[in-house]
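Read off the chains here:
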Amino acid sequence: MSIKTSAAQGAGQDSPKSATAPLSAAARLRKVHWYQEPRWRRLGALLALAVTLRLMTGEEGTTQDLFLALREDFTGVGLWIWLAIAVAVWAVREFLTDQTSRAVEGTKKVSAGPLDRVRQVWSADKRVRMGVLTAVLALVVFGPLGVERYWQQVLVDQIAIFVLLAIGLNVVIGWAGLLDLGFIAFFAIGAYSAAYWTGALPVQPPVALNNFLVLPIAVLTCLVAGVILGAPTLRLRGDYLAIVTLGFHEIVYLMAKNADGVTEGARGVKVERFSVDLGFFSYEWKLDPMPYYWLLVVFIVLAIFLFLRLEHSKVGRAWTAIREDEVAAAATGVPTVRYKLMAFAIGASTSGVAGVAYASKAGYFNPENFAILLSILVLAYVIFGGMGSIPGVLFGAAFLVWLPEYLREWVDPKDRYMYLGALLVIMMIYRPQGVLPSRRRKRELRMAEAGVGGADATGPAEGRQP
Amino acid sequence: MTTETVKKEQGPAGGSAGAGELVLETSGVTLRFGGLTSLDNVELRMRRGEVLAVIGPNGAGKTSLFNSLTGAYVPQEGRIVFRPREGGEHSLLGAKPHVVSQWGLARTFQNIRLFGALTALENVKIAAETRLKTGPVSIMLGLPNARKAERASDRRAHEVLSYVGLLEKMNELAGSLSYGDQRRLEIARALATDPEVLLLDEPAAGTNPTEKLELEELIRRINTELGVSVLLIEHDMRLVMSVADRVMVLNFGKKIAEGSPSQVQRDPAVIEAYLGAVAEEDEAAVAQAVAEGAGAQEGAGSGADTDTDTDTGADAGAPQWDTEEHK
């Protein structure tokens, strides 16, 4: 026992070698080797990180010389710089703990006063909130006018579309707690609905419609698709549901790819762009990205507005109840299947709107635009930003879509997603609740760590016969 | 083992709906898990407005009975009928749990199952809202009926919370309330659904003596003031004897006795299976210890801990209750 405590306190010296007397089996099991001490493990992890970073930033390999990268990366001075940084970080963390924690405390104390005042003003005065929101909205609406054309394109084609998708997925996974890995399938259904109803597919619709009129139809189609997928599968929980949705995604994707006669297959589809013609007023969306951007901002603001009402209502509370304890929710009278279907359908229709918008903006799409990776990425955006929190999801999607584009200027474009991956790994270790988590989710996570309740409806269903 | 009962005190509840009318009736309910029979031909007759206690040793099938009544388990055989006040009857056998709750049977759980990350108020609102009909569309559009429903559920939740005495804690997280308060919050959540029958699964487990007294008082008030029939699983005999009008005893999934608390207490089968067994075992152990000298204490009182029941139905037939009758 004494061995363990002294080693755990780790007062500078290596593990005591005084254990010369024969140890009992239990004591031997309890014994902590020097390398098991947390500080050495931390050093090891940091050194490994340094090597990884060296490999990430170092020479690129070629097919002519397979070991070029390894040779270059491990012989140059670069490796030593990284290692030195790692050791320095470790040393500061291990030996200057008191100083650093005092510094952190100090800044907390200094910033606590003003922060509290800001918070007070924010929660007390409605006018302040409205003012700030108006300012943010104005910035969102008019800010992009000042950026380069390339970034405007990124903003529309990717950021705005993915933000809309993330808001939809947030309903499913953040609020209802259903792990959906096939979310992009509904995006595809929306896009193909747009193509069908505007007459772009080999099969012709009864009447060719304007893209805007397709929106409600796509919403309905995705709603129905969501219910069709959900009704038989929402009895499943957590991992099982994830697999089923994954399968659904593959079905939709492969159908789009292989049903040449209906979907044009891998050749892709050309879709008309948005246009309005009301007789007295007509407008056509052309190549300039900004009009599309404003249109998408309208969709996004509308979705946020509607969904925020849901969150703080009977429906949002019922979703939380189902997420926390489905058995108790059902016993309390919450029709669990109906509410899960509702979340699924609402999420799916948001995805459908995004699909129509994407098709009508890009003017052309093919099945590769709906690859499985996108479903995973949208999920990552939601989790990164903070499940269940609209500001978090907005930030998560916008930031993570922007980051790889931004990195294009700094690193080898092929490596961009590697950095994204590293960021996600670090994030999940140090801040699993996301950047801007919802209050409910944060509490749930804390309670799950304390061993009270589950953070998700992914646990086994107790008290219910299989 | 008489089924004839003597009502201890005539509560004013149930007066409106003819005394002796059955609100809940089961016959021949049999529930098996593989080869294990958790409930064996259980008959239960519950009168409107009474407090009926279900007692029995660990693993006797009490919680399984609750789960069968509320749709969580589906017994293989038998009939479970619920007769609501407005007439007609519903078969509870295999009904969906949320439907059972909407018909008017509300329950609490042995191992508290609150929505821990929500406040006490929100917990109760969830229950109250299951009685309101507003769809997601009217909520999203903020229509007047959605707002009215929100206000109604808020009012109802406040009402119920003040009834159980948790109003001043309504904004605290359910998970951070004290154990006794969590038990009361579970009862509040069940009451918010406006039930006719309230099923309480060991409401006193883990509470201190003061909280037990408050709980006793609360159960009595729910029964008499609100006219709610109460079906109670409880190990605390003092509580059972003081609040229950009738007691039903289960052992190994079978009903072995039923009657007024005093009758049940005197019933030899019950004494043997439950109340007296502990004493006998102890006596036997003492006798043995005296005969053989010290050191034979082991195992004497091991099966006697009635306050830490963890039966989930699946572990029915725990072997420490070794009665002749069921061999």
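Going by an unreviewed UniProt entry, chain B carries the name Amino acid/amide ABC transporter ATP-binding protein 1, HAAT family and comes from Streptomyces pini.

The name given to chain A in an unreviewed UniProt entry is Amino acid/amide ABC transporter membrane protein 2, HAAT family, with the source organism recorded as Streptomyces pini. One UniProt comment on chain A, placed under Subcellular location (unreviewed entry), says "Cell membrane".

**Re the environment of A95(B)**
Residues and elements named next belong to chain B. Structurally, the position occupied by A95 is in the loop between β5 (90–91) and α2 (97–103). With relative accessibility at 12%, the residue A95 sits in the buried group. For the pair A95 and D201, spaced 106 residues apart in sequence, the C-alpha separation works out to 20 Å. Beyond its immediate sequence surroundings of up to four residues, A95 is in contact with G71, V100 and W103.

**Focus: the interface of chain A and chain B**
The partner chain B presents 40 residues to the 33 residues of chain A that form the contact. Both sides of the chain A and chain B interface together cover about 3100 Å² of buried area, and 61% of this is carbon and sulfur. In this assembly, chain A and chain B are joined by three salt bridges. For E129(B), the salt bridge goes to R317(A), with nearest N and O atoms at 2.3 Å. The element that contributes the greatest number of residues to the side of chain A that touches chain B is helix α14 (residues 314–324) of chain A, accounting for six residues. By residue class, the composition of the side of chain A that touches chain B is 15 nonpolar, eight polar and ten charged.

**Remarks on the UniProt feature "transmembrane region" (unreviewed entry) in chain A**
According to UniProt, the positions carrying the feature "transmembrane region" (unreviewed entry) are residues 77–96, 128–147, 159–178, 183–200, 212–231, 292–310, 370–402 and 417–436 of chain A. Along residues 292–310 of chain A, the helical share is 100% and the strand share 0%, with 27 Å between the first and last C-alpha atoms.

**Let's talk about the nonpolar core**
Ranked by internal contacts, the top residues of the largest apolar core, which has 115 residues, are L165(A), F186(A), F307(A), W319(A) and F365(A). Not counting the four nearest positions on each side in its chain, W319(A) is found in contact with V171(A), W175(A), A176(A), L310(A), Y339(A), M342(A), A343(A) and I346(A). Counting 49 residues, the second-largest nonpolar core is a separate cluster that includes A106(B), L121(B), A174(B) and A190(B).

**Here we look at the pattern of salt bridges**
All names here are of chain B. Evaluation of the coordinates by the stated rule reveals 32 salt bridges over all chains. Two residues, E25 and R45, come together in a salt bridge whose shortest N-O distance is 3.6 Å. One end of the pair, E25, is in strand β1 (residues 22–33); the other, R45, is in strand β2 (residues 36–47), with 20 residues separating them in the sequence. Look at R45 and you get partly exposed, because its relative accessible area is 39%. R189 is the salt-bridge partner of E186, the closest N and O atoms lying 3.6 Å from each other. Residue E186 and its partner R189 are located together in helix α6 (residues 179–191), separated by three residues, close to a single helical turn.

**Comments concerning the side chain of R189(B)**
A relative accessible area of 2% means that R189(B) is categorised as buried. In this view, R189(B) contacts A328(A), T332(A), F109(B), R113(B), L114(B), F115(B), N123(B), V124(B) and A127(B); residues no more than four positions away in its chain are not counted.

**Digging into the sheet that holds strand β4 (residues 77–82) of chain B**
All names here are of chain B. What the four strands build is an open sheet, ordered β2-β1-β4-β5; its pairing is antiparallel. What marks the edges here is a single partner per strand, and that holds for β2 and β5. Note: β1 against β4, five bridges, orientation antiparallel. By the bridge assignment, S27 is partnered in β4 with R79. Packing of helix α1 (residues 62–69) onto the sheet brings it into contact with β1, β2 and β4, and relative to β2 it is tilted by some 65°.

**Considerations on the packing of helix α13 (residues 289–311) of chain A against helix α16 (residues 336–362) of chain A**
Residues and elements named next belong to chain A. Orientation of α13 relative to α16, taken along the N-to-C sense of each, is 175°, at an axis distance of 11 Å. On the basis of their axis angle, the class for α13 and α16 is roughly antiparallel. On the side of α13, the interface is formed by Y292, L296, F299, F307 and L310, while α16 contributes I346, T350, V353, A357, S360 and K361.

**Some words on the confidence of the model for chain A**
All names here are of chain A. Across chain A, pLDDT averages 82, with 91% of residues at or above 70. Of the regions scoring below 50 in pLDDT, residues 1–19 engages in 18 contacts with residues more than four places distant in sequence or in other chains. In this model, residues 452–466 is a region of pLDDT below 50 whose contacts with residues beyond four sequence positions or in other chains number 34 contacts.

**Describing the sheet that holds strand β8 (residues 229–233) of chain B**
All names here are of chain B. Taken in spatial order, the six strands line up as β6-β7-β8-β3-β9-β10 in an open sheet, and their pairing is mixed. The two strands at the open ends of the sheet, each matched to only one other strand, are β6 (105–107) and β10 (254–259). Ignoring which end each strand starts from, the neighbouring axes of this sheet average 20° apart. With three bridges joining them, β6 and strand β7 (residues 197–201) adopt parallel strand pairing. Bridging from a neighbouring strand, R107 pairs with L199 of β7. In this fold α1 packs onto β3 (51–55), β6, β7, β8 and β9 (246–251), with an angle of close to 145° to the strand it touches most, β8. In the packing of helix α7 (residues 209–225) onto the sheet, the strands contacted are β3, β7 and β8, and the crossing angle to β8 comes to about 150°.

**Considering a positive patch on the surface**
On the surface, R309(A), R147(B), K148(B), R151(B) and R155(B) cluster together to form a positively charged patch. If you tally residues by element for the positive patch, the top one is helix α5 (residues 144–164) of chain B, at four residues.

**A look at the packing of aromatic side chains**
All names here are of chain A. Here the structure, examined in full by the defined rule, presents 22 aromatic pairs over all chains. Look at F186 and F248: their rings are 5.4 Å apart centre to centre, the planes differ by 40°, and that puts the pair in the tilted class. Of this pair, F186 sits in helix α9 (residues 183–197) while F248 sits in helix α11 (residues 238–258), and the two are 62 residues apart along the sequence. Taken as a pair, F186 and F248 share a single burial class, namely buried. Arranged with centres 5.8 Å apart and planes meeting at 40°, the rings of F399 and W402 form a pair that is tilted. Residue F399 and its partner W402 are both found in helix α18 (residues 390–407); the two are separated by three residues, about one turn of the helix. Looking at F399, the relative accessible area reads 25%, which means it is partly exposed. Ring pairs connect the aromatic residues F384, F395, F399, W402, Y406 and W410, which therefore count as one cluster. In this structure, K361 is placed above the aromatic ring of Y292, and the distance from its NZ or CZ to the ring centre is 5.2 Å.

Parameters and conventions
Residues numbered from 1 in each chain as written. Chains lettered and ligands numbered in written order. Predicted model: local features only at pLDDT ≥ 70, side-chain atom pairs only at ≥ 80, totals over all residues. Heavy atoms only, no water. UniProt positions renumbered as here; feature names shortened; annotations may be inferred. Helix = DSSP H or I, 4+ residues; strand = E, 2+ residues; numbered from the N terminus. Buried < 20%, exposed > 50% of the residue type's maximum accessible area, 1.4 Å probe, protein only. Contact = heavy atoms within 4.5 Å. Buried area = accessible area lost by both parts, 1.4 Å probe. Salt bridge = Lys/Arg side-chain N within 4 Å of Asp/Glu carboxyl O. Nonpolar A, V, L, I, M, F, W, Y, C, P; charged D, E, K, R; others polar. Core = buried A, V, L, I, M, F, W, Y, C linked by side-chain atoms within 4.5 Å. Pairing = 2+ DSSP bridges. Axes fitted to C-alpha atoms, helices over the stretch in contact; angles between N-to-C directions. Parallel < 35°, antiparallel > 145°, perpendicular 65-115°, else oblique. pLDDT = per-residue confidence, 0-100. Patch = residues over 30% accessible without salt bridge, like charges linked within 9 Å, V, L, I, M, F, W, Y side chains within 5 Å. Areas by Shrake-Rupley, 256 points an atom, 1.4 Å probe, with all protein chains shown as cover. Lys, Arg positive; Asp, Glu negative; His and termini not counted. Charge placed at Lys NZ, Arg CZ, Asp CG, Glu CD. Phe/Tyr/Trp six-rings, centres within 6.5 Å; stacked < 30°, edge-to-face > 60°. Lys NZ or Arg CZ within 6 Å of the ring centre and 35° of its normal.

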